[in-house]
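Descriptive analysis of the structure
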Amino acid sequence: MSAPRDRNGYAAAFGVTWLAYATYYLGRKGFSVSKARIVKELGVSEGTLATIDTGFLGAYAVGLFVSGLLGDRIGARRLISIGMLFAAFTCAAFGAGSSGAVLLVAFTLNGFAQSTGWPGTTKGMAEWTPPGRRGAVMGLWCTCYQVGGIAASWYCTLMLGRSGWRAAFYAPALCIAAVGLIVFLSLRPGPYAVAVAPQTGSLAARAGISRDVFRNPTLWSYGVAYFFIKLIRYSVLFWLPYYLHTALGRSETDAGYLSISFEVGGVIGAVAIGFISDRMIHLSRSMIAAIGLIGLAAALLVYARLAPSSALIQFLMMALIGGLLFGPDSLVSASAAQDAGGPAAAARATGFVNAVGSVGALLQGYVTVGIRRSFGWSGVFYVFVGLALLSALALTPTFRRSAKPAAA
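What about the overall build of the protein chain?
Assigned secondary structure in the protein chain consists of 16 helices and zero strands. Over its C-alpha trace the protein chain gives a radius of gyration of 20 Å, about what one expects of a compact globule, namely 22 Å for 408 residues. The C-alpha extent of the protein chain, read off along each of the three principal axes, is 55 × 40 × 35 Å. A buried classification covers 61% of the 408 residues belonging to the protein chain. Considering only intrachain contacts with a sequence separation of at least 6, the fraction spanning at least 24 residues in the protein chain is 86%. Total accessible area on the protein chain is roughly 14,800 Å²; 69% of this is exposed by carbon and sulfur atoms. Computed over 31 positive and 13 negative side-chain charges, the inter-centroid distance for the protein chain is 5 Å.

So this is what it looks like as structure tokens:
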């Protein structure tokens with residue numbers, strides 16, 4: 001199957017969905033880089049921080065199921081634009097909060113708003129991407145959440161250092177709202193959306209598609225694997241700046257900037273594994289992801305033993321971990337899930353896998369804080385080693401079943 005003939009439309013869809021999902025991260029990273037400052041100024045505890053994380057991730061997990069259904073029904077453009085405007089509002093509300101309770105409510109609502117991003121943007125890309133080129137295209141496209149994370153960490157840290165923690169939420173809110181309007185004005189359905197319209201027109205047909213997604217054993221295997229992947233990923237995303245500041249003695253701003261290394265490596269890993277999965281046609285995408293996860297376990301084991309204090313070694317080690325985590329992450333949650341869901345259920349499939357995975361992310365705050373208190377930070381990284389291996393194990397039933405679509 002060749003690339004879409006409407007190259008301008010394809011480029012526009014790629015660009016606007018990439019920008020949209022990258023921008024969503026502006027509404028998430030403010031909390032991660034501001035935790036230490038919020039503790040100092042508002043007097044909240046580590047337990048309260050973990051509860052706020054949990055509120056966000058719980059709403060995000062539930063919202064992914066809802067957004068997956070809505071995405072296949074109302075279309076990517078409306079789902080993303082409405083979601084981004086709501087995310088902008090809740091981000092600004094968090095910045096105005098002055099107590100742990102208010103921050104919890106605002107960030108929980110923000111989690112629900114953020115859940116519109118993945119099902120909406122991946123559906124928008126599925127409508128423009130030939131299945132035979134999905135690994136390479138989606139591997140490149142999935143750099144949106146690494147680059148978005150990098151840019152968001154840098155920008156929110158900059159706002160924190162210059163104007164205080166509230167600015168790390170007010171300024172991002174304006175950016176999110178602006179991009180939401182861009183999506184509403186520019187995104188349109190692609191050539192692979194036309195064929196699925198008759199299948200998704202009736203209520204009975206939509207219900208049947210949803211049942212097929214929930215009964216699909218491949219998607220359940222992906223979801224369980226993604227449960228462990230997201231537990232690791234969100235633990236690192238939400239707590240790495242705090243770890244670097246409190247455990248390794250970095251300043252708040254240095255810790256925020258240094259934490260970008262995780263997603264720098266992720267960019268390389270996502271692009272590389274996407275191209276590899278398209279070219280190694282004798283291996284399923286899930287097997288390639290499992291190999292990456294075994295490599296991740298090895299890298300985490302080395303990191304736990306070293307606990308690097310040198311800024312350069314810290315950067316390189318965390319970049320390696322990021323590459324070995326984000327590669328399988330992007331493969332399982334995007335191209336492999338799209339393959340399993342098919343064109344009629346692209347949003348449902350990616351939303352389902354991400355939602356099951358987000359249950360793992362939901363637990364990260366309590367896992368991270370609980371293990372750290374009992375066994376120290378090295379214990380946290382040893383637990384991550386086991387989780388990476390469990391994720392690889394969860395993918396084994398799909399090694400033969402999850403065949404990749406061939407290019408026509």
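Observations concerning the packing of helix α4 (residues 76-96) against helix α5 (residues 100-114)
As a packed pair, α4 and α5 sit with axes 8 Å apart at the nearest point and diverge in direction by 165 degrees. It follows that α4 is roughly antiparallel to α5 by the angle criterion. In the crossing of α4 with α5, the sense of the turn from one axis to the other is left-handed. On the side of α4, the interface is formed by Gly83, Phe86, Ala87, Thr90, Cys91, Ala93 and Phe94, while α5 contributes Leu103, Ala106, Phe107, Leu109, Asn110, Phe112, Ala113 and Gln114. When the residues that make up the contact of α4 with α5 are grouped by side-chain class, the tally is 11 nonpolar, four polar and no charged.

Focus: the pattern of salt bridges
When the charged atoms of two side chains with opposite charge come close together, those side chains can pair. Using the criterion set out here, one finds four salt bridges in the structure. Across the pair glutamate 127 and lysine 123 runs a salt bridge whose closest N-O atoms are separated by 3.3 Å. Of the two residues, glutamate 127 and lysine 123, neither departs from the other in class, the shared state being buried.

A closer look at the packing of aromatic side chains
For any two aromatic rings, the description comes down to two numbers: the centre-to-centre distance and the angle of the planes. Evaluated as defined, the whole model comprises 26 aromatic pairs. Aromatic side chains tyrosine 21 and tyrosine 25 sit 5.9 Å apart centroid to centroid with 70 degrees between the ring planes, which places their arrangement in the edge-to-face category. Each member of the pair, tyrosine 21 as well as tyrosine 25, is classed as buried. Seen from their ring centres, phenylalanine 381 and phenylalanine 384 are 5.8 Å apart, and the 90 degrees between their planes marks the pair as edge-to-face. Placement of both phenylalanine 381 and phenylalanine 384 in helix α16 (residues 346-395) is noted, with a separation of three residues, approximately one turn of the helix. Since its relative accessible area comes to 6%, phenylalanine 381 is described here as buried. Looking at phenylalanine 384, the relative accessible area reads 3%, which means it is buried. Grouping aromatic residues by their ring pairs yields a cluster made of Tyr21, Tyr24, Tyr25, Trp118, Trp141, Tyr145, Phe262 and Phe326.

Examining a nonpolar patch on the surface
On the surface, Val62, Phe65, Val66, Leu70, Phe86, Phe89, Val105, Leu109, Phe112, Phe214, Trp220 and Val224 cluster together to form a nonpolar patch covering roughly 1,000 Å² of accessible area. Only α3 (46-74), α4, α5 and α11 (217-246) provide two or more residues apiece to the nonpolar patch. Here leucine 70 lies in helix α3. Note on leucine 70: relative accessible area 35%, which makes it partly exposed.

A look at the environment of methionine 287
Checked against the element boundaries, methionine 287 lands in helix α14 (residues 285-306). Distance in space between the C-alpha atoms of methionine 287 and arginine 400 is 8.8 Å, their sequence separation being 113 residues.

What to know about the packing of helix α1 (residues 7-24) against α4
Relative to each other, α1 and α4 sit at 25 degrees, their axes nearing to 11 Å. Relative to α4, the element α1 lies roughly parallel. When the axes of α1 and α4 are compared, the crossing they make is left-handed. Residue-level contacts link Ala20, Thr23 and Tyr24 of α1 to Ile80, Gly83 and Met84 of α4. Classifying every residue of the contact of α1 with α4 by side-chain character gives four nonpolar, two polar and no charged.

Side note on helix α9 (residues 167-186)
Over its 20 residues, α9 runs 29 Å from end to end, which matches the ideal 28 Å to within 8%, given 1.5 Å per residue. Those residues of α9 that sit buried are Ala167, Ala168, Phe169, Ala171, Pro172, Ala173, Ile176, Val179, Gly180 and Val183.

So, the confidence of the model for the protein chain
Summary statistics for the protein chain give a mean pLDDT of 85 and a share of 91% for residues scoring 70 or more. Across residues 194-201, confidence stays below pLDDT 50; counting only partners more than four residues off in sequence or on other chains, it has nine contacts.

Quick word on the side chain of threonine 116
Position of threonine 116 among the secondary structure elements: in the loop between α5 and α6 (117-126). A polar contact of 2.8 Å, which involves the side chain of threonine 116, links it to the backbone oxygen of alanine 113. If sequence neighbours within four positions are ignored, threonine 116 has contacts with Tyr24, Ser67, Leu79, Gly83 and Met84.

Some thoughts on the side chain of threonine 143
By the element assignment, threonine 143 lies in helix α8 (residues 143-163). Side-chain polar atoms of threonine 143 contact the side chain of tryptophan 18, separated by 3.0 Å. When residues no more than four places from it in sequence are discounted, the contact partners of threonine 143 are Trp18, Gly148, Val267 and Val271.

Thoughts on the nonpolar core
If you look at the biggest cluster of nonpolar residues, it comprises 117 residues, and the most contacted ones within it are Phe94, Trp118 and Phe262. Apart from the residues lying within four places of it in its own chain, the contact partners of phenylalanine 94 are Phe31, Ile38, Ile52, Leu103, Ala106, Phe107, Trp165 and Phe169.

About the cut-offs
- Residues numbered from 1 in each chain as written.
- Predicted model: local features only at pLDDT ≥ 70, side-chain atom pairs only at ≥ 80, totals over all residues.
- Heavy atoms only, no water.
- Helix = DSSP H or I, 4+ residues; strand = E, 2+ residues; numbered from the N terminus.
- Rg over C-alpha atoms; globule rule 2.2 N^0.38 Å.
- Buried < 20%, exposed > 50% of the residue type's maximum accessible area, 1.4 Å probe, protein only.
- Contact = heavy atoms within 4.5 Å.
- Areas by Shrake-Rupley, 256 points an atom, 1.4 Å probe, with all protein chains shown as cover.
- Lys, Arg positive; Asp, Glu negative; His and termini not counted.
- Charge placed at Lys NZ, Arg CZ, Asp CG, Glu CD.
- Axes fitted to C-alpha atoms, helices over the stretch in contact; angles between N-to-C directions.
- Parallel < 35°, antiparallel > 145°, perpendicular 65-115°, else oblique.
- Left-handed = near helix turned anticlockwise from the far one by under 90°.
- Nonpolar A, V, L, I, M, F, W, Y, C, P; charged D, E, K, R; others polar.
- Salt bridge = Lys/Arg side-chain N within 4 Å of Asp/Glu carboxyl O.
- Phe/Tyr/Trp six-rings, centres within 6.5 Å; stacked < 30°, edge-to-face > 60°.
- Patch = residues over 30% accessible without salt bridge, like charges linked within 9 Å, V, L, I, M, F, W, Y side chains within 5 Å.
- Expected span 1.5 Å × (residues − 1).
- pLDDT = per-residue confidence, 0-100.
- Polar contact = N/O pair within 3.5 Å; in protein donor to acceptor, adjacent residues only side chain to side chain.
- Core = buried A, V, L, I, M, F, W, Y, C linked by side-chain atoms within 4.5 Å.

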